[in-house]
Amino acid sequence: GFLDGEPHVMTPEIICVMDSETGDAIGTEMLRYGQRVVVTALPCAPLLRTSKGLQHVGPRAFGYDVEFRSIFDRQTAHPRDRNEFDSSGGPA
């Protein structure tokens, strides 16, 4: 996921998109422009963060030319990390 044009959260971490009113999970195939959602990330298994694991499930495995950087390793959070957004990318 990108925030302000920069990679912010990425595979292999688990990226969860949920309806902001019901908390129901929304799969990528059901995500629509204008939906009000909450996006959260969960840490992945340590095995997936190894060089071998990242070869198979890291950002480059899905065609993204970025190095894996865990959101959980960052010293400070982005000011918008805890805000609610709709699927258009703006504040809900």
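Keep in mind it's a predicted model, so treat the numbers as computed, not measured.

## Details of the overall build of the chain
- Helix and strand counts for the chain stand at one helix and five strands.
- Going from the N terminus to the C terminus, the chain shows its helices and strands as β-β-β-β-α-β.
- The burial tally for the chain puts 23% of its 92 residues in the buried class.
- Within the chain, contacts between residues at least 6 apart in sequence are counted, and of these 59% link residues at least 24 apart.
- When the accessible surface of the chain is split by element, carbon and sulfur atoms take 55% of a total near 6600 Å².

## With respect to the confidence of the model for the chain
- Looking at the chain, pLDDT values average 85 and 80% of them are 70 or higher.
- Across the chain, the element-wise mean pLDDT spans from 46 in strand S5 (residues 85-86) up to 97 in helix H1 (residues 51-57).
- This model gives residues 83-88 a pLDDT under 50, and the stretch forms 27 contacts once residues within four places in sequence are excluded.

## Quick look at the environment of histidine 8
- Note on placement: histidine 8 falls in the loop between strand S2 (6-7) and strand S3 (14-19).
- Owing to a relative accessible area of 13%, histidine 8 belongs among the buried residues under this scheme.
- A sequence separation of 62 residues divides histidine 8 from serine 70, and the C-alpha atoms of the two residues are 8.4 Å apart.

## So, a nonpolar patch on the surface
- Together, Phe2, Phe62 and Tyr64 make up an exposed nonpolar region whose accessible area comes to about 380 Å².
- Locating tyrosine 64 in the fold gives a position in the loop between H1 and S5.

## Thoughts on unusual backbone geometry
- Going from threonine 11 to proline 12, the amide bond is cis rather than trans, its omega being 15°.
- Residue placement: proline 12 occurs in the loop between S2 and S3.
- Positive phi outside glycine occurs at aspartate 4, with the angle close to 55°.
- Mapped onto the secondary structure, aspartate 4 falls in the loop between strand S1 (2-3) and S2.
- When its relative accessible area of 53% is taken as the criterion, aspartate 4 is described as exposed.

What counts and how
- Residues numbered from 1 in each chain as written.
- Predicted model: local features only at pLDDT ≥ 70, side-chain atom pairs only at ≥ 80, totals over all residues.
- Heavy atoms only, no water.
- Helix = DSSP H or I, 4+ residues; strand = E, 2+ residues; numbered from the N terminus.
- Buried < 20%, exposed > 50% of the residue type's maximum accessible area, 1.4 Å probe, protein only.
- Contact = heavy atoms within 4.5 Å.
- Areas by Shrake-Rupley, 256 points an atom, 1.4 Å probe, with all protein chains shown as cover.
- pLDDT = per-residue confidence, 0-100.
- Patch = residues over 30% accessible without salt bridge, like charges linked within 9 Å, V, L, I, M, F, W, Y side chains within 5 Å.
- Salt bridge = Lys/Arg side-chain N within 4 Å of Asp/Glu carboxyl O.

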